[in-house]
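Structural overview
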Amino acid sequence: MGTRKDRRTRRAVVSGDNISGLVLPEPFTGATVQRTFKLTDVPTVQALTDVLEAWGVSTKDWGKGNTKAVSKFFHEIEGSEAGLEVWKTKKGDKSMVVRVTHVLRAKVTSPDAYARGVFLFNTWQQYGDGRKRIRNGLLSEKLTLAEMPLVSHLHDVCARAVTEEEMQRVVESMTRINSNRPAPEYDPSYQCPLRVVAEEFVDHTVEIEASKSYPGLMTVYHLYTVDIICEGLPTVDFNTLEFEHADKNGKRELKYIHAWVWLEWGMIQRYLFDGSEMKERKSKGSFATPDELEAWLGQFDVDLESWGRARPSLGSSSVTWKSVDKLWRELESSQTQLERWGRNDGVPLLMRVVHVLQMKVTSVEAAHHQKFLFQVWHQTATGQIRHVNRTMAKKLNTADLPFDASTFEQAARKEVKDRLSFLADVHIRLQDKDLPTEGSLEQSGVNVVKVEFSDHRFDLEDSPSYKDMTTMYHLYTVEVQCTGLPTSDFASIAFDSNKNPSAIGWRWTTWQETLDILHQRAQLLERREGVMTEKIRDISDACRACLEELSAPRGTSTADQLASVRSRLEEMSALLRAEESKEVIPGFTRLPPSMVSTLADRKGVSDDFLDGALLARQLAARGGAIRHLRHEEEDEMQCQSTAPMEIEQSTKPGLCSLFCGRNLADTSAEFRK
């Protein structure tokens, strides 16, 4: 489907003849074009060589190995396929020559398929000599400098890309070259059945990288994504033939056979993200203002208009998406990082990366019973209470990357101090008229005696705070042993940076009990979802009943008024029916496994640190097992030496443990420890 971003803004960017309005990756952010070389400035290969050398680009190795010669670049300039520009960085301390190209990425579809978010995807290509390669890309076409600015030539460019290039000849999906099937011949009488009826500009992104074909020369790729709606497309998968331009004898050889399949856009993105690399990372100091961050976010398919606004809800309470300003503050406080992933023929992907420390807080006595603290509820100073159901957790400061044992220990000690310095009864509730202060409460005396790293894992999900953004959570677990904790369930009072109090409910649980709590929570959400579905169905039925009554209008209402009411009810009814039948598919599922693996590997600790922590746990477990066996042997020997005497004194069974000097429960507890 078409993007939801403000197209007027992006059209202004595309129609410009400079890069001042573009979002450029570092270190080119804010760069300006100082000069554009025309063919008259470099009329010969030698003149082009002299210009490149004058700007510090050595061409002595061009044309060797897999590199291209200067003459090839000259022909690109001569044919308007590429340009040569001088860029100056924002700081003004560096200027360089860059090669500039423009590429169209087309999401080709039909009117019916466009309404369903289905587009054509090029899965493979076969060369005219029979060689075959996997493509997995959109229709891609180089643009000439004469077709810039694109907004002024958009329809003509789209028509050329579809009817004259990759899709110029439509054939059945079984068409291919093999030993029994020679390459198809060019038919000059063939008329392309496709016709471009609409085009919708989606986005304009810029990739900058060192050229592999021209060593020492930076290449700027202007990538334009456009939805192209065509008539005449087959409704099933098909192939197309692309022929070379006529040679000196007028013959046109087969260039490619393209295979096209119909896929939903989400599935296409999954393929396009495969092989993606991290192009850029944004953190504290990357954006001077929230407006700069918003401009950078504009290159992604993100519904920024919804940020900072209430989410649609049928209930009485509304939840608000967080704003760009909030995300900017997260970056400036080093709570999160933003990463731009992509590949040159793919689409850009925005990834929010958060590092979270999860603390399994326990005491010596609780650890014997495998129990730890579980936060069950949280109350703000305004009286609002929400269920939490998680262990103590804290976002880690990304400025401390890479993390180590001391990082985790310092963060854990600070969080325990912030959360557990003031204890209260488990039934406490904050009263707006009598809020506590730090001076009015007694210090708890809770003290951290040991912090031990446990493991690292990751979680990938659609951000619940920022619409259309995927978040990678790196989760680090530590076991925190404390003294001074109550032995029963309790509450605590914590204060934020503005000294506003909040109440937190804590419960001693085991892992098995936490699973029960989460299972009960899931069942409750399922029941609520069922109730909400029934409400939607009832409202939808009521809308349809109103529409039926309006079909035969009565009374004094004018026809225009009734038509307006009917139109609004029809829109609401359609929306409710869509909501009732809609299947929610998480956006992060579009990521290919290879990319998820790469993201997960970009953790905040080294593999050596994780290996060391694992070895320490294994040695501790082995030592506990040895101590357990040793105690068993000692107990058995002591029982053998004392049991006859004790049995003579008492005939009651089961008294052996009383005379062995150790309780069986203590032995098993030490083994667990």
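Conventions adopted
Residues numbered from 1 in each chain as written. Predicted model: local features only at pLDDT ≥ 70, side-chain atom pairs only at ≥ 80, totals over all residues. Heavy atoms only, no water. Helix = DSSP H or I, 4+ residues; strand = E, 2+ residues; numbered from the N terminus. Buried < 20%, exposed > 50% of the residue type's maximum accessible area, 1.4 Å probe, protein only. Contact = heavy atoms within 4.5 Å. Areas by Shrake-Rupley, 256 points an atom, 1.4 Å probe, with all protein chains shown as cover. Pairing = 2+ DSSP bridges. Phe/Tyr/Trp six-rings, centres within 6.5 Å; stacked < 30°, edge-to-face > 60°. Lys NZ or Arg CZ within 6 Å of the ring centre and 35° of its normal. Arc of directions from axis to C-beta. Salt bridge = Lys/Arg side-chain N within 4 Å of Asp/Glu carboxyl O. pLDDT = per-residue confidence, 0-100. Axes fitted to C-alpha atoms, helices over the stretch in contact; angles between N-to-C directions. Parallel < 35°, antiparallel > 145°, perpendicular 65-115°, else oblique. Nonpolar A, V, L, I, M, F, W, Y, C, P; charged D, E, K, R; others polar. Disulfide = S-S within 2.5 Å.

Moving on to the overall build of the protein. Each helix and strand counted, the protein has 16 helices and 22 strands in total. Taking all 673 residues of the protein together, the buried fraction comes to 41%. Taking the contacts inside the protein whose residues are at least 6 apart along the sequence as the reference set, 71% of them involve residues at least 24 apart. Looking at the protein as shown, the accessible area adds up to about 36600 Å², and 50% of this sits on carbon and sulfur atoms.

Moving on: the sheet that holds strand S18 (residues 423–424). An order of S16-S15-S22-S21-S18 is seen for the five strands of this open sheet, with the pairing classed as antiparallel. Each of the sheet's edge strands pairs with one partner strand only, and the pair in question is strand S16 (385–390) and S18. Examined bridge by bridge, strand S15 (residues 372–379) and strand S22 (residues 501–509) share seven bridges and lie antiparallel to one another. Bridging from a neighbouring strand, Gln375 pairs with Trp506 of S22.

Quick look at the packing of aromatic side chains now. For the structure shown, the criterion picks out 19 aromatic pairs. Centre to centre, the rings of Phe121 and Tyr271 are 5.4 Å apart; their planes meet at 35°, and the pair counts as tilted. With Phe121 in strand S4 (residues 118–127) and Tyr271 in helix H6 (residues 265–273), this residue pair connects regions lying 150 residues apart in the sequence. Taking relative accessible area as the criterion, Phe121 reaches 1% and is therefore assigned buried. Joined through ring pairs, the aromatic side chains of Phe403, Phe408, Phe453, Tyr476 and Phe609 make up one cluster. The ring centre of Phe119 lies 4.6 Å from the NZ or CZ of Lys107, which sits over that ring. A cation over a ring is seen here: Arg131 above Tyr127, with NZ or CZ 4.2 Å from the ring centre.

Regarding helix H7 (residues 290–297), the residues found buried are Leu293, Trp296 and Leu297. One face of H7 carries all of its buried residues, which in axial projection span an arc of 100°. Looking at the packing, one finds that the buried side of H7 touches strand S12 (277–282), helix H8 (324–332), strand S13 (337–342) and strand S14 (349–363).

Moving on: the pattern of salt bridges. Counted according to the given criterion, the structure contains 27 salt bridges. In this structure, Glu76 engages Arg99 in a salt bridge whose closest nitrogen and oxygen atoms are separated by 3.0 Å. Of the two residues, Glu76 is situated in helix H3 (residues 70–78) and Arg99 in strand S3 (residues 95–109); the sequence distance between them amounts to 23 residues. Overall, the relative accessible area of 8% leaves Arg99 in the buried class. Between Glu438 and Lys499 there is a salt bridge, with the nearest N and O atoms lying 3.1 Å from each other. Here Glu438, found in the loop between S18 and strand S19 (447–462), pairs with Lys499, found in the loop between strand S21 (490–495) and S22; they are 61 residues apart in sequence, far enough to count as distant. Judged by its relative accessible area of 54%, Lys499 is exposed. Linked by salt bridges that have partners in common, Glu141, Glu147, Arg160 and Glu165 make up one network.

Relative to strand S5 (residues 132–137), S4 runs antiparallel, the two being bridged by four bridges. Each residue of the ladder has a partner; that of Gln125, found in S5, is Arg133. Hairpin geometry of S4 and S5 is characterised by an intervening segment of four residues between the two adjacent antiparallel strands and by a positive phi of about 100° at Gly130.

Right, let's talk about the confidence of the model for the protein for a bit. Summary statistics for the protein give a mean pLDDT of 82 and a share of 81% for residues scoring 70 or more. The low-confidence segment residues 642–673 (pLDDT under 50) makes 26 contacts with residues lying over four places distant or belonging to another chain.

Attention now goes to the packing of helix H2 (residues 45–54) against H3. H3 packs onto H2 with a crossing angle of 105° between their chain directions and a minimal axis gap of 9 Å. Classified by the angle between their axes, H2 and H3 sit roughly perpendicular to one another. Side by side, H2 and H3 meet where Val45, Leu48, Thr49 and Leu52 of the first sit next to Val70, Ser71, Phe73, Phe74 and Ile77 of the second. Of the residues contributing to the contact of H2 with H3, the split by class is seven nonpolar, two polar and no charged.

Okay, the packing of H7 against H8 next. H8 packs onto H7 with a crossing angle of 105° between their chain directions and a minimal axis gap of 9 Å. Taken together, the axes of H7 and H8 lie roughly perpendicular to each other. Of the residues in H8, those in contact with Pro290, Leu293, Glu294 and Leu297 of H7 are Val324, Asp325, Leu327, Trp328 and Leu331. When the residues that make up the contact of H7 with H8 are grouped by side-chain class, the tally is seven nonpolar, no polar and two charged.

With that settled, consider the sheet that holds strand S11 (residues 254–264). The sheet built from five strands is open, its strands ordered S5-S4-S11-S10-S7 with antiparallel pairing. In this open sheet, the two strands that pair with only one neighbour each are S5 and strand S7 (169–171). The mean inter-strand angle of the sheet, taken between neighbouring strand axes irrespective of direction, is 30°. Bridging between strand S10 (residues 238–243) and S11 involves six bridges; their strand directions are antiparallel. Counted as the bridge partner of Thr240 is His258 from S11. The sheet contacts of helix H5 (residues 154–166) involve S4, S5, S10 and S11, and relative to S10 the element is tilted by about 85°. Sheet strands in contact with H6 are S4, S5 and S11, and its direction is about 130° off that of S11.

Before going further, it helps to examine the state of the cysteines. One pass over the full model with this rule turns up zero disulfides. Left without a disulfide partner, Cys192 is nearest to the cysteine sulfur of Cys230, which lies 8.6 Å away. What makes Cys192 partly exposed here is its relative accessible area of 23%.

Okay, the pairing of S16 next. Here four bridges tie S15 to S16, and the two strands are oriented antiparallel to one another. If you follow Gln375 over to S16, its bridge partner there is Arg390. Linking two consecutive strands that pair antiparallel, namely S15 and S16, is a turn of five residues; a positive phi of about 100° is found at Gly383 within it.

With glycine set apart, most residues show a phi of negative sign, and most peptide bonds adopt trans. Here Met148 and Pro149 are connected by a cis peptide whose omega angle stands at -5°. Topologically, Pro149 is positioned in the loop between strand S6 (139–143) and H5. The peptide bond linking Leu401 to Pro402 adopts the cis configuration, its omega dihedral lying at -5°. The topology assignment puts Pro402 in the loop between strand S17 (392–395) and helix H10 (405–420). With a phi close to 60°, Ser334 is a non-glycine residue in the positive phi region. Its place among the elements puts Ser334 in the loop between H8 and S13. Accessibility expressed as a relative area gives 5% for Ser334, which makes it buried. One non-glycine residue, Lys499, lies in positive phi territory at about 70°.

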